[in-house]
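Coordinate inspection notes
So you can see what is in the structure, the chains are spelled out below.
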Amino acid sequence: MQLRDPIAVDAPVGQGEPYELIPVLSVAEAEVDRQLHICNACRYCEGFCAVFPAMTRRLEFAKADIHYLANLCHNCGACLHACQYAAPHEFAVNVPQAMAKVRLDTYSDYAWPAAFGALYRRNGLTMALAGAAGLALFLLLALLVNGTLLPGRLASDFYAVFPHNTLALMFGGAFGFAVLALGVGVRRFWKGITPAETEAVATGAATLEASGAVLRLKYLDGGHGQGCNNESDRFTLWRRRYHHLTFYGFMLCFAATGVATLYHYLLGAEAPYPVFSLPVLLGIAGGIGLVIGPAGLLVLGYRRDPAQGDVAQRPMDRGFIALLLLISLTGFALLIGRDTGAMAILLAVHLGVVMAFFLTMPYGKFAHGIFRSAALLKYAIEKRQPDRLKLGSE
Ligand code: SF4
Ligand code: SF4
């Protein structure tokens, strides 16, 4: 099996004819292209996930198709363990690994501002610097405001350590920037995977289907409901369950912050709130999810077959999961110690970790959920359109 020459695509197509301008494929994209040509002839994995039905609608794979399919892949590993052309076969097909490499390129290439795209490639360093910067910022701020981090008289008085408006400004700014950067990035990705000649208008049914696939993590069920592969060809639903605990835990914590903001501005009630109040109960429920989910994902990640996915991206995966775990652990520590003299330091550490998460949100693993949701929406739109290959054969 020969690789299509990625350099030759800008060559003249004939004497006197204009140059055919097809974007040059990178090495990682050319590898996906090679493997998808084999898969398109084999089609054994058609029922596993959305990638294979989407693939069969194409005979050639342009850059846009490869970026789309790479983000549609959930890295479940099913097609690697089922593949008769995986290594040691000479075809060496490993779809999850090839897709993972291209996925990282798409996060980086479509990032906004473009210069920050490089942060994806040094994500371990980025996480460490953001963590250190977040912690240093809040510890210093606490020292500047109060002169010490351990004033017992400040127990239970969050805003004596950090004034509410200062926190609102800092976290509002960081979160607003993260949303903007991710929004612009995913919009650039959407334009990149939707060439001008194709239509991609979301109907209500397509949006509903894509939302269902995102919220249920449909394609982590292996296509047969028994789950994906992790360390072997044995199926497990635990990856899906831990993802759900992480995602819904995060959303509950987000809801807790939203409700607390309403309490503050609408009811004039200042934090900290009683344990049996809505913001704290939401935070506790979310925090439990954000402890069990990330801890489980970390354990599964360490046990994972290294052939699945791209091992070079594991620091990014682990850094992101560890940050989520730290948010919930420091949140619980603050809840337990908020009426003690250690409150100021517990608050500074928790806020520092949360700030590190916000700062790295648009340039780390968080992006995979956003890009994959966009790819699922494209899939739901595309499957409702006539298959051009079938139309051509009629
Ligand atoms: S991954 Fe392997 S078994 Fe599955 S469709 Fe591709 S070539 Fe066939
Ligand atoms: S790894 Fe899973 S999600 Fe990705 S292409 Fe293979 S079967 Fe589909």
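Residues numbered from 1 in each chain as written. Chains lettered and ligands numbered in written order. Predicted model: local features only at pLDDT ≥ 70, side-chain atom pairs only at ≥ 80, totals over all residues. Heavy atoms only, no water.

A word on helix α5 (residues 95-109). Over its 15 residues, α5 extends 21 Å from the first C-alpha to the last, a length consistent with the 21 Å expected when each residue adds 1.5 Å. The element α5 is largely enclosed, with a buried count of twelve among its 15 residues. Regarding α5, the residues found buried are Val95, Pro96, Ala98, Met99, Ala100, Val102, Arg103, Leu104, Asp105, Thr106, Tyr107 and Ser108. Where α5 is buried, its residues contact α1 (27-42), α2 (51-55), α3 (63-72), α4 (78-81), α12 (314-337) and α14 (367-382). The N-terminus of α5 is capped by Asn94, whose side-chain oxygen sits 3.1 Å from the backbone nitrogen of Gln97. (Helix = DSSP H or I, 4+ residues; strand = E, 2+ residues; numbered from the N terminus. Expected span 1.5 Å × (residues − 1). Buried < 20%, exposed > 50% of the residue type's maximum accessible area, 1.4 Å probe, protein only. Contact = heavy atoms within 4.5 Å. Polar contact = N/O pair within 3.5 Å; in protein donor to acceptor, adjacent residues only side chain to side chain.)

Surveying the vicinity of ligand 1 reveals the residues Cys39, Cys42, Arg43, Tyr44, Cys45, Phe52, Cys79, Cys83, Gln84 and Tyr85. Residue classes in the shell around ligand 1 are distributed as eight nonpolar, one polar and one charged. (Near = heavy atom within 4 Å. Nonpolar A, V, L, I, M, F, W, Y, C, P; charged D, E, K, R; others polar.)

A few words now on the site of ligand 2. Close to ligand 2 lie Phe48, Cys49, Val51, Phe52, Cys73, His74, Asn75, Cys76, Gly77, Cys79, Val95 and Pro96, which account for all nearby residues. Elements with a contribution of two residues or more to the shell around ligand 2: α2 and α5.

Between Trp112 and Pro113 the backbone carries a cis peptide bond, its omega angle lying at -10°. Following the sequence through the fold, Pro113 ends up in the loop between α5 and α6 (123-146). The residue after Ala271, namely Pro272, is reached through a cis peptide bond having omega 0°. Secondary-structure assignment places Pro272 in the loop between α10 (238-267) and α11 (278-303). With a phi close to 55°, Asn75 is a non-glycine residue in the positive phi region.

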